[in-house]
Amino acid sequence: MHIHVTYYQYFFADVVMAAGNSLEKQIGCVKYTLFCFNVVAWMIATSLFALTVWLRAEPGFNEWLRILEAESFYIGVYILIAISIIMMAVAFLGCLSALMENTLALLVYICAQIFSFIIALSGSGVLLNYSTMHSSLQPLLLNSLNRFVSTSETRYSSYVLNMIQENIGCCGATGPWDYLDLYQPLPSSCRDAVSGNAFFNGCVDELTWFFEDKSSWIVALALTLAMLNIVCSVMSFILIQAVKKEEEEARAYRH
């Protein structure tokens, strides 16, 4: 009888040990995968920070927004600059908490990821609201350009219109008829230098496409980062459950 009991004790110990080794391998797999995802997130956050700061600091672009009184475009940029800095710190926290297998640190990390996800989506939405077609940007551009067209005989308005029309390849606020409706001749900057034909598109649409092109890469990076937030949060939750299960099995084995 004593032999049978001893046999079953050893058999049970072997089963527990095998299960423990399997769980340890799973924890290691999740832990290092989470670590790699956080390294990728840190790189994306760094790229997002560099692009947003570059866009905010670009002198020519900054001057155009100031002249056109469309600096609301920068609201979304400011939000994404802030979230990129936060996400660099959060990614570092994620690496440490994953390697340490600390459940409290992982819970804090999950909360930070959820917060970052919400702010990243908000910043992307605000930026898109001031940089795409049929957005809040277009009324601002329309008001400014209509004012410049109506006062195009002045030196400053003429300078601004020529600068925009030559560089973007557009005419008036909504098209050449903006000048014709005011019985004003089309300026040379409204015409193609090669063909001599007037540009058909107005500067509101052309500028919107220009701003949209500038912000598209930034929004793409921010949304990719938001997606990684969700993935890392789920993996962190799985890691917490696995670590808790390992601790429970270790306590049960000791008893």
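Within each chain, residue numbers correspond to sequence positions counted from 1 in written order. Whole-chain, interface and lining totals are the exception, using all residues; otherwise, since this is a predicted model, local features are given only for residues with pLDDT of at least 70 and side-chain atom pairs are given and counted only at 80 or more. By convention in this description, side-chain values take in all heavy atoms of the structure and omit both hydrogens and water.

Labelled according to an unreviewed UniProt entry, the protein chain appears under the name Tetraspanin, originating from Glossina pallidipes. The Sequence similarities (unreviewed entry) comment attached to the protein chain in UniProt states, word for word, "Belongs to the tetraspanin (TM4SF) family." Its UniProt record gives the protein chain the following Subcellular location (unreviewed entry) comment, quoted word for word: "Membrane". UniProt positions are given in the numbering used here, feature names are shortened, and annotations may be inferred rather than shown by experiment.

For this particular structure, what's the right way to read the state of the cysteines?
Structurally, a disulfide amounts to a covalent bond that connects the sulfur atoms of two cysteines. Only a pair of cysteine sulfur atoms within 2.5 Å counts as a disulfide in this structure description. According to the stated counting rule, one finds two disulfides in the structure shown. Paired through a disulfide, cysteine 170 and cysteine 203 show a sulfur-sulfur distance of 2.0 Å. The chirality of the disulfide connecting cysteine 170 with cysteine 203 is right-handed, given an S-S dihedral of about 90°. Of this pair, cysteine 170 sits in the loop between α6 (155-168) and α7 (177-181) while cysteine 203 is found in helix α8 (residues 203-254), placing the two residues 33 residues apart along the sequence. The exposure class assigned to cysteine 170 is buried, which follows from its relative accessible area of 0%. Labels follow the DSSP assignment, with helices taken as runs of H or I lasting at least four residues and strands as runs of E lasting at least two, numbered in each case from the N terminus. The buried label goes to any residue with under 20% of its type's maximum accessible area, the exposed label to any with over 50%, and the partly exposed label to all in between, with areas taken from a 1.4 Å probe on protein chains only.

Could you clarify how one ought to interpret the environment of glutamate 101 in this entry?
Turning to its location among the elements, glutamate 101 is positioned in the loop between α3 (73-100) and α4 (103-129). Assessed through its relative accessible area of 23%, glutamate 101 is described here as partly exposed. Contacts of glutamate 101, omitting those with residues within four sequence positions, involve Ile27, Lys31, Val243 and Glu246. Here a polar contact is recorded for every N or O atom pair within 3.5 Å, except that within protein the pair must consist of a potential hydrogen donor and a potential acceptor, and residues adjacent in sequence are included only if both atoms are side-chain atoms. One polar contact links glutamate 101 to lysine 31, side chain to side chain, over a distance of 2.9 Å. What makes two residues a contact is simply this: any of their non-hydrogen atoms within 4.5 Å.

Help me out: how do you make sense of a nonpolar patch on the surface in this one?
Like-charged residues are merged into a patch within 9 Å and nonpolar side chains (Val, Leu, Ile, Met, Phe, Trp, Tyr) within 5 Å, provided each residue has over 30% relative accessible area and no salt bridge. What sets the accessible areas is the Shrake-Rupley method with a 1.4 Å probe; for residues, cover comes only from the shown protein chains. The salt bridge definition used is simple: a Lys or Arg side-chain nitrogen within 4 Å of an Asp or Glu carboxyl oxygen. A cluster of nonpolar residues, Val39, Trp42 and Met43, forms a patch on the protein surface that exposes about 290 Å² of accessible area. With respect to the helices and strands, methionine 43 occurs in helix α1 (residues 2-57).

Would you mind showing me how to read the side chain of glutamine 165 here?
As for its placement among the helices and strands, glutamine 165 is situated in helix α6. Excluding residues that lie within four positions of it along the chain, glutamine 165 makes contacts with Cys170, Cys171, Gly172, Tyr179, Pro187, Ser189, Cys190, Phe199 and Cys203.

Can you help me understand the packing of aromatic side chains in this one?
Working definition: an aromatic ring pair is given by the centre-to-centre distance plus the angle between the planes. To pair, rings of Phe, Tyr and Trp, with the six-membered ring standing in for Trp, must have centres within 6.5 Å; the planes then decide the type, stacked if under 30 degrees apart, edge-to-face if over 60, and tilted in the middle. Summed over all chains, the structure comprises ten aromatic pairs. On the numbers, 5.4 Å between centres and 75° between planes, the contact of phenylalanine 61 with phenylalanine 73 is edge-to-face. One end of the pair, phenylalanine 61, is in helix α2 (residues 59-67); the other, phenylalanine 73, is in helix α3, with twelve residues separating them in the sequence. As far as burial versus exposure is concerned, phenylalanine 61 and phenylalanine 73 are alike and both buried. Each member of the aromatic cluster is reached from another via a ring pair, and the members are Phe61, Trp64, Phe73, Tyr74, Tyr78, Phe210 and Phe211. Counted as over-ring charges are cases with an Arg CZ or a Lys NZ within 6 Å of the ring centre that also lie within 35 degrees of the ring normal. Geometry around phenylalanine 148 places arginine 147 over its ring, the cationic atom sitting 5.2 Å from the centre. Positioned above the aromatic ring of phenylalanine 61, the side-chain terminus of lysine 214 is 5.6 Å from the ring centre.

Explain the confidence of the model for the protein chain here, please?
Atomic detail in the predicted coordinates should be set aside for any region of low pLDDT. Scored by pLDDT, the protein chain comes out at a mean of 86, with 89% of its residues at no less than 70. Contacts for the low-pLDDT stretch residues 1-5, under 50 throughout, to residues beyond four places or in other chains number zero contacts. Predicted confidence is poor over residues 7-19, with pLDDT under 50, and the contacts of this stretch with residues over four places away or in other chains come to two contacts. Per-residue confidence from the predictor is reported as pLDDT, which spans 0 to 100.

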